[in-house]
Amino acid sequence: MNISKTTFQDYLFCAKNVWLKLHKPELLEEFALSEFERHLVEQGNEVELHARNLFPNGVEVTETGERACEVTAELMAQKTPAIFQATFIVDGFIARNDALVWDPQNKCWNLYEIKGTNSINDTGNDHNHLDDLAFQASVLRRSHVPVGKYFLVHLNNKYVRVGDLNYDELFLIEDKTEEILARLPVVEEQMETAKWYLSSEKEPPEGCNCIYKGRSQHCTTFTYSNKNVPAYSVHDLSRIGSSKKKLNALIERKIYEIENIPDDIDFSEIQANQIMVHRQQKPIINIDGIREELESLAFPLYFLDYETYAPAIPSLSGYSPYQRIPFQFSLHILETPDAEMTHIEYLQTEAKDPSEDVAKLLDSSIGAIGTVIAWNKSFEAGVNREIGARLPEYKNAMERINNMLYDLMDVFKKQHYVHPDFRGSTSIKKVLPVLVPELSYKELNIHEGGQASNSWAEMVSPATHPDVSEKIAADLKVYCGLDTYAMYAIWKELQKLL
Ligand code: SF4
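Reading the values: rules and limits
- Residues numbered from 1 in each chain as written.
- Predicted model: local features only at pLDDT ≥ 70, side-chain atom pairs only at ≥ 80, totals over all residues.
- Heavy atoms only, no water.
- Helix = DSSP H or I, 4+ residues; strand = E, 2+ residues; numbered from the N terminus.
- Buried < 20%, exposed > 50% of the residue type's maximum accessible area, 1.4 Å probe, protein only.
- Contact = heavy atoms within 4.5 Å.
- Lys, Arg positive; Asp, Glu negative; His and termini not counted.
- Charge placed at Lys NZ, Arg CZ, Asp CG, Glu CD.
- Near = heavy atom within 4 Å.
- Nonpolar A, V, L, I, M, F, W, Y, C, P; charged D, E, K, R; others polar.
- Pairing = 2+ DSSP bridges.
- Axes fitted to C-alpha atoms, helices over the stretch in contact; angles between N-to-C directions.
- Parallel < 35°, antiparallel > 145°, perpendicular 65-115°, else oblique.
- Left-handed = near helix turned anticlockwise from the far one by under 90°.
- Expected span 1.5 Å × (residues − 1).
- Domains from an automatic or database assignment.
- Buried area = accessible area lost by both parts, 1.4 Å probe.
- Salt bridge = Lys/Arg side-chain N within 4 Å of Asp/Glu carboxyl O.
- 1 Å grid on protein atoms, 1.4 Å probe; cavity = no way out; pocket = protein on both sides within 12 Å on 5 of 7 lines; lining within 4 Å.
- Points joined across faces, edges and corners; volume = space filled by probe spheres on them.

Caption draft 1: Molecular detail of the overall build of the chain. Looking only at helices and strands, one finds 18 helices and 15 strands in the chain. For the chain, the spread of C-alpha atoms along the three principal axes comes to 80 × 60 × 40 Å. Scored against the burial criterion, the 498 residues of the chain give a buried share of 50%. Counting only contacts in the chain whose residues sit at least 6 apart along the sequence, the fraction spanning at least 24 positions is 67%. Side-chain charges in the chain split into 50 positive and 74 negative, and the spacing between the mean points of these groups amounts to 4 Å.

Spelled out as structure tokens, the structure:
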């Protein structure tokens with residue numbers, strides 16, 4: 001087995017996880033990528049393909065294994081201006097470089113690592129990128145390749161597309177040579193330890209470090225490694241991952257079941273409520289609090305939800321990397337408490353900017369008075385602001401809608417309604433089945449936002465058959481429509497309690 005830069009990165013993140021991947025193929029299905037992770041990989045590949053335009057006359061090594069090394073050597077001998085996926089295998093390590101570029105002046109090669117992130121600092125993963133480059137630097141050094149400089153290439157979040165893509169503006173290139181050379185000794189030591197650890201046939205002991213972390217940080221093998229921890233455990237307490245002291249205190253005492261939590265540990269109000277409703281298997285319903293929230297809403301009620309797509313490489317003029325395209329909205333309108341509900345929806349079915357259509361339709365559908373209800377309103381508010389920034393003539397209209405926004409999730413965030421089956425969450429996906437069990441996302445072909453987003457990209461792609469696009473359009477309408485109808489149904493159930 002040769003250790004690749006990805007395996008090395010994964011090893012630095014969690015050695016046990018990589019050992020299980022390599023030695024326990026029966027757990028393989030635990031490692032299947034989620035839709036979100038697959039999308040990230042696809043976006044990364046797309047960014048790499050676009051970044052190759054920075055290096056004219058480049059040649060890609062498409063072969064694999066030893067043959068890829070031979071082709072790389074041939075291309076290097078010819079002083080090929082740029083080699084994509086240049087491959088080196090040495091000492092049990094394999095490096096496939098994003099771009100190895102010949103520097104005729106200095107008679108050496110420069111290494112470029114391409115990243116699909118907007119900045120290498122704002123994601124907190126600067127170290128990962130540098131480790132990645134240092135790993136490759138080590139493999140190149142062991143392969144006796146004369147390297148001059150090490151660069152990181154990443155997206156420029158200040159870039160706004162106008163017409164065709166301008167690659168020199170879309171990408172930023174940072175010289176990391178000094179940092180890489182300083183880092184190399186430490187990374188080389190880590191590489192040797194990784195080789196020793198991952199080649200061992202002996203399974204690491206049971207248990208793993210994530211026992212001290214909240215559920216959202218666990219990987220899919222947590223249950224395999226921690227068989228004594230139940231599926232719903234102290235790790236599921238709201239924000240427990242940020243309350244290190246409390247979680248540590250519980251784990252040190254081997255308390256995993258929520259019902260076994262002792263009274264001598266102080267929890268936040270939200271955590272204490274979650275523990276109480278779980279123990280009593282009875283909800284907390286604060287009628288006065290719910291009344292206060294609902295009585296603050298002015299009619300008409302406009303239940304609004306957006307779906308967006310945020311491509312790494314801006315596909316439309318006026319957009320920056322990862323900026324959201326508001327391709328769909330659903331709006332349920334209730335004029336008075338007893339009125340029949342009306343429904344307005346919008347779906348962009350072509351790869352064109354929907355901003356103007358969306359702004360126009362929302363401006364004409366949402367009157368001067370009333371309340372615009374969303375779930376997690378900061379998302380809708382952000383999309384509205386972005387539309388206003390793109391279309392100055394609609395800036396005031398978008399601001400007006402934002403000033404009318406109310407977050408229905410507040411009823412649950414403020415703890416006016418806490419149910420044991422929410423399991424500490426205030427997501428609409430958890431609240432809906434409890435308050436309105438007859439409505440469900442489960443049966444839908446599209447049942448979550450990330451899937452909706454990827455489906456839209458597939459729908460507007462010229463490669464997609466029109467019948468498939470038509471089916472996706474119908475599924476998207478059902479999904480987004482349910483989001484706003486669900487808010488109405490939850491509001492209605494809350495109303496019945498008063
Ligand atoms: S649950 Fe955490 S510590 Fe355990 S194997 Fe997965 S990532 Fe590593």
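Now that the structure is up, let's keep going.
Caption draft 2: Seen up close, the site of the ligand. Neighbouring the ligand are the residues C14, N17, C208, N209, C210, C219, T221 and F222. Residue composition of the shell around the ligand, by class: five nonpolar, three polar and no charged.

Caption draft 3: Structural view of the pairing of strand 13 (residues 371-374). Side chains T371 and I373 project from strand 13 onto one buried face, and the interleaved V372 and A374 project onto a second face that is buried too. Examined bridge by bridge, strand 10 (residues 301-309) and strand 13 share three bridges and lie parallel to one another. Within strand 13, the residue paired with Y302 across the bridge is V372. Across three bridges, the pairing between strand 13 and strand 14 (residues 405-407) is parallel. Note on strand 14: the bridge partner recorded for I373 is Y406.

Caption draft 4: Inspection of the packing of helix 2 (residues 15-23) against helix 7 (residues 177-199) at higher detail. Interhelical geometry of helix 2 versus helix 7 gives an angle of 45° and a closest axis separation of 9 Å. By the criterion of interaxial angle, the relationship of helix 2 to helix 7 is oblique. Two packed elements cross with a definite hand, and for helix 2 against helix 7 that hand is right-handed. Between helix 2 and helix 7, the contacting residues are A15, K16, V18, W19, L22 and H23 on the first element and Y197, L198 and S199 on the second. Tallied by class, residues from the contact of helix 2 with helix 7 come to six nonpolar, two polar and one charged.

Caption draft 5: Examining helix 3 (residues 35-51) more closely. Here helix 3 spans 24 Å end to end across 17 residues, near enough to the 24 Å set by a 1.5 Å rise per residue. For helix 3, the complete set of buried residues consists of H39, Q43, V47, E48, H50 and A51. Packed against the buried residues of helix 3 are strand 6 (108-114), strand 7 (147-155), helix 6 (167-170), strand 8 (171-175), strand 10 and helix 17 (449-460).

Caption draft 6: Seen up close, the domain arrangement of the chain. The domain architecture assigned to the chain consists of domain 1 (5-199), domain 2 (214-281) and domain 3 (290-497). Here the C-alpha centroids of domain 1 and domain 2 sit 38 Å apart. Counting the surface lost from both domain 1 and domain 2, the interface buries some 540 Å², and carbon and sulfur atoms represent 58% of this. Taken together, the connections running from domain 1 to domain 2 amount to zero salt bridges. Across the side of domain 1 that touches domain 2, the residue classes break down as three nonpolar, one polar and three charged.

Caption draft 7: Here's a closer look at the environment of G388. The residue G388 is located in helix 13 (residues 377-390) in this model. For G388 and K176, which are 212 residues apart along the polypeptide, the C-alpha to C-alpha distance reads 38 Å. If we ignore the near neighbours within four places in the chain, the residues touching G388 are K395 and M398.

Caption draft 8: Focus on the layout of surface pockets. In this structure, the second largest pocket occupies an estimated 690 Å³ of space. The wall of the second largest pocket is formed by 26 residues, among which E307, F379, G449, G450 and Y479 lie closest to the centre. Among the elements of the structure, helix 3, strand 10, helix 13, helix 16 (428-435), helix 17 and helix 18 (466-497) are those that each provide at least two residues to the lining of the second largest pocket. Per-element tally for the lining of the second largest pocket: the top contributor is strand 10, with five residues. For the lining of the second largest pocket, the class distribution of residues is eleven nonpolar, nine polar and six charged. The residues that make up the lining of the second largest pocket include at least three from each of domain 1 (5-199) and domain 3 (290-497).

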